[in-house]
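Here is how the chains run, residue by residue.
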Amino acid sequence: MTSFQSTLGEESEIAEELAESQRQISIAEFFEKNKHMLGFDSGARGLVTAVKEAVDNALDAAEEAGVLPDIYVEIEEVGDYYKLVVEDNGPGITKEQLPKVFGKLLYGSRFHAREQSRGQQGIGISAAVLYSQLTSGKPAKITSRTQGSSEAEYFELIIDTDNNEPEISVEETTSWDRPHGTRIEMEMEGNMRARQQLHDYIKHTAVVNPHARLELREPKEHFKFERATDQLPDETEEIRPHPHGVELGTVLKMLEATNSHSVSGFLQEEFTRVGSKTSDSVIDNFRDRHFGREMAWEPPRDGADIAAAVSDATANKGADATDAFAEEIAEALTDYDRVAYHQIVETVSDAAEAVGDGFGVTFGSTVQENAVEAAWDAVLGVSDEADEDVPDGRRRADLYGLVDEATSTRKDDATVESLASRIANRFRNDEDDRDRLTHDELAEYVDWAAERTAEREDASIGDTARENVVEAVWSVMERVPDEVPKVSDLADNRDASSELLDAMRATDIMAPPTNCLAPITDELVEAGLKKEFDADFYAAATRDAEVTGGDPFIVEAGIAYGGELPTDGKAQVMRFANRVPLVYQRGACATTDVVKDIGWRNYNLDQPGGSGIPNGPVVIMVHIASTNVPFTSESKDAVANIPEIEDEIELAIREAARDLKSFLKKRRSMEKRRKKQDVLTNILPEMAEKVSDVTGNEQPDISDAMARIMNNVRVGRDLKENGDGQKVSVTVENHSNASESLEVTDIVTAEPTGLSDGATAVEMDGEWFVKWSVDVASGDDATLTYETDTDASFDLDVDGVETEKLTVNNEH
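Note that this is a predicted model, so its numbers are computed, not measured.

What to know about the sheet that holds strand β9 (residues 293-294)
Logical step 1: Sheet architecture is open: three strands sit in the order β10-β9-β11, paired in antiparallel fashion. Every other strand in the sheet has two partners, leaving β10 (436-437) and β11 (478-479) as the edge strands with one partner each.
Logical step 2: The pairing of β9 with β11 spans two bridges and is classified as antiparallel. The residue bridging Arg-293 from the neighbouring strand is Arg-479, located in β11.

Below you can see the structure in the form of structure tokens.
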């Protein structure tokens, strides 16, 4: 026995003593002791995290106010500490809210809002203040001015961690040269060993926020990132959760909180993309799960058995009324291809009303119940004399047809007969005399019958055959009209709520709206990459919205290749969530896992071993926009491995990578053409010279031969004297296999006249630019003509065709 156990035995007051030592702690006190969870686990990382939280807040504030962000970040060494200043041009913060925003953890406006934003929990900037006061003991200094205010508000504060409240030491008004915005100044313990991560964060922020202007001034370097567009991200709107993403606990909570009484109202009011038709579909699927379906059997076609059975079961209503009642029921039931128990109930009720009114007779509930049971037995072919050990013939025959159609032709008739008979027997022996089953119960029937048939008939009935039989039978079963429970009943019934959740997930529901999200868009992804990376190729892809956990999300991917990107080493992978760069924990992120698992060799990139980050001059960026990004921790450095998100990341990357593959394939082809053309450039002049020597004629124009051999587009100029001047003819000959569109510019030092149709001339610095746009089909040619002085000189420039597919003869 341990000493603690012995103490328990000796002192009965130990529980009370332990209870006295227990107390609730504030969230600020918790993170005071666990600051590593927020990304403040070292001096180097703490400084980067503080910059990140302040800049993210600044971007969100400016965008919400419809202002193009201008953000200034300064880091300065001050004795043993670093002073961090972050300044923005956002809308500012009111005097009442400012202390809480910076001095109270879990204080914010975005946690419950289902719309995209960088911050969600209200922890980030206040956590930076907490880290600052813990490591330097100094308060944060905040200045903020709202639009239209004559002065700014100035506070110095720390966080009272015992109560998670701001503790203000200075509160005053001050002048500030910004018309509106916020400035925060903090001193903290830190170092610049993570300088590269800091630079990456600022640069990558500029890539995915091309509408922002960013400036970073730190002890050794100074960067400015100008905006590439004046287009702000689209405004987002809050949405309700999507039915395909919520979990059972959330549904139970929503059922408790809703003001709706009906399930239909609950679905339409509490979820996005659910209208009346979708609600009806969900409720139908819920009925299948909660009540099951009723098996519909083929009724006897002449109706005599049904009429006789109903007539025998109906007493004291008069012969004529009874016969009319029985005939009405028989005629209605024989019109069904298949009929289920509840349809017989409805038919009997309708007949009782119609015939009763006609004969002045009342067919009460007891009479109707007897008629239903009689008609049901007649449909099934059941009688008092039937052998209890042998299933009724109609059930067996009906199921035989369904089983025979659902199983392969290799199943012999005896096996099919045996399987159908045993399923029919389960229906007959079930306590529910309405033949009502859920899908799972039907599958259990079929499995039971298949196992026994396999044992006794020495026949193989595999999983596929069983599934086919289940679906064949289920497809002819009828959905029941039972009234769905009220919302209050569902809230108290976990199993029924789970069935409702399954029904929601099984219903085809339109994807969530994207107005709650502000993706960068593939156009601006490319613009951001082009702004910060000098490459030869850029591609981007933006996927359609999907949903996980009730929250919609969009994945975007971009690729930059070649140019000035480093050729040695692995590709650079940039990860973003809601326009925020993820700098740390790359190996723990779903984005990295997906990039590693893609076979990059299929896209013409080097990937040793066939897995892992590819090699080469490549930048791969992935952005996830969501109303609730599933991070792996509070520090928000890595995205969790959620299958739906991983699938979309892969699809987005592959979409952009297909363009890269085409580019690399084309470039490789152009390199082969270039090498071939270089060889011909050396050989053809020698051949032309030898031909001239042998024939005694002038050397032929090798450009024409080059174009024909290479299937190139040839552009050449021909000059002819024309009085005091000369006539210029620029001819385009298309020897390629496809139509080509060219922009031809002939730069001439004398004024051109008499330009042919479609050409224009613009004078600049004493030169004339004769411009001509022309489309030339394969095998065709086109000619531009104009006149000019004989002393003019010329220079041809051609755009629209790759250099490797172009032959230009600038001689004249």
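Alright, that's what it looks like, and here's the rest.
Quick word on the nonpolar core
Logical step 1: With 53 residues, the main nonpolar core has Phe-325, Ile-329 and Leu-399 as its most contacted residues.
Logical step 2: Within the residue set of this core, elements represented by two or more residues are α11 (304-313), α12 (319-334), α13 (341-359), α14 (365-380), α15 (393-406), α16 (413-429), α17 (439-457) and α18 (463-476).
Logical step 3: Examining the composition of this core, we find that eight residues originate from one element, α14, more than from any other.
Logical step 4: Ignoring any residue separated from it by four or fewer positions in sequence, one finds Phe-325 in contact with Val-310, Thr-314, Val-348, Ala-351, Ala-352, Val-355, Phe-363, Val-367 and Ala-371.
Logical step 5: Listed in part, the 43 residues of the second largest apolar core include Ala-50, Ala-54, Leu-84 and Met-192.

Section: the pattern of salt bridges
Logical step 1: Counted according to the given criterion, the structure contains 40 salt bridges.
Logical step 2: Ionic pairing is found between Glu-87 and Arg-178, a salt bridge with its closest N-O pair at 2.9 Å. Remark: Arg-178 occurs in the loop between β5 (165-174) and β6 (181-188) and Glu-87 occurs in strand β2 (residues 81-88); sequence separation between them is 91 residues.
Logical step 3: The exposure class assigned to Glu-87 is buried, which follows from its relative accessible area of 12%.
Logical step 4: Overall, Arg-178 belongs to the buried group, its relative accessible area being 18%.
Logical step 5: Among the salt bridges present, the one from Arg-436 reaches Asp-482, with a minimum N-O distance of 3.0 Å.

Quick look at the pairing of strand β22 (residues 767-776)
Logical step 1: Pairing of strand β20 (residues 740-748) with β22 involves nine bridges; the strand directions are antiparallel. Residue pairing across strands places Val-744 opposite Trp-772, the latter belonging to β22.
Logical step 2: Pairing of strand β21 (residues 759-764) with β22 involves six bridges; the strand directions are antiparallel. Each residue of the ladder has a partner; that of Glu-763, found in β22, is Trp-768.

Here's the deal with the sheet that holds β6
Logical step 1: Pairing within the open sheet is mixed, and its eight strands lie in the order β5-β4-β3-β6-β2-β1-β7-β8. Edge positions in the open sheet fall to β5 and β8 (222-225), since each of these has one partner strand only. Between one strand axis and the next, the sheet turns by 10° as a mean value, whatever way the strands run.
Logical step 2: Sheet topology note: the strand β3 (residues 140-145)/β6 ladder contains five bridges and is antiparallel. Bridge pairing links Ser-144 to Thr-182 in β6.
Logical step 3: Against the sheet, helix α7 (residues 195-208) touches β1 (70-78), β7 (213-217) and β8, its axis set at about 165° to β7.

Digging into a nonpolar patch on the surface
Logical step 1: Together, Val-679, Ile-683 and Met-687 make up an exposed nonpolar region whose accessible area comes to about 260 Å².
Logical step 2: In this structure, Val-679 sits in helix α23 (residues 643-695).

Observations regarding a negative patch on the surface
Logical step 1: Residues Asp-724, Glu-743, Glu-751, Glu-763, Asp-765, Glu-767, Asp-789, Asp-791, Asp-795, Asp-797 and Asp-799 make up a contiguous surface patch of negative charge.
Logical step 2: Broken down by element, the negative patch gets its largest block of residues, three residues, from strand β24 (residues 794-799).
Logical step 3: In this fold, Glu-751 is placed in the loop between β20 and β21.

Looking at the packing of α15 against α18
Logical step 1: Closest axis-to-axis distance for the α15/α18 pair is 8 Å, and the angle between their directions is 135°. As summarised for this structure, α15 and α18 are arranged oblique, according to the angle between their axes. Pair α15 / α18 crosses with right-handed handedness. Mapping the contact onto sequence places Leu-399, Leu-402, Val-403 and Ala-406 in α15 and Asn-468, Val-469, Ala-472, Val-473 and Val-476 in α18.
Logical step 2: Here the residues of the contact of α15 with α18 are counted per class, giving eight nonpolar, one polar and no charged.

Calculation notes
Residues numbered from 1 in each chain as written. Predicted model: local features only at pLDDT ≥ 70, side-chain atom pairs only at ≥ 80, totals over all residues. Heavy atoms only, no water. Pairing = 2+ DSSP bridges. Helix = DSSP H or I, 4+ residues; strand = E, 2+ residues; numbered from the N terminus. Core = buried A, V, L, I, M, F, W, Y, C linked by side-chain atoms within 4.5 Å. Buried < 20%, exposed > 50% of the residue type's maximum accessible area, 1.4 Å probe, protein only. Contact = heavy atoms within 4.5 Å. Salt bridge = Lys/Arg side-chain N within 4 Å of Asp/Glu carboxyl O. Axes fitted to C-alpha atoms, helices over the stretch in contact; angles between N-to-C directions. Patch = residues over 30% accessible without salt bridge, like charges linked within 9 Å, V, L, I, M, F, W, Y side chains within 5 Å. Areas by Shrake-Rupley, 256 points an atom, 1.4 Å probe, with all protein chains shown as cover. Lys, Arg positive; Asp, Glu negative; His and termini not counted. Charge placed at Lys NZ, Arg CZ, Asp CG, Glu CD. Parallel < 35°, antiparallel > 145°, perpendicular 65-115°, else oblique. Left-handed = near helix turned anticlockwise from the far one by under 90°. Nonpolar A, V, L, I, M, F, W, Y, C, P; charged D, E, K, R; others polar.

Fair warning: the whole summary comes from geometry, so function is off the table for now.
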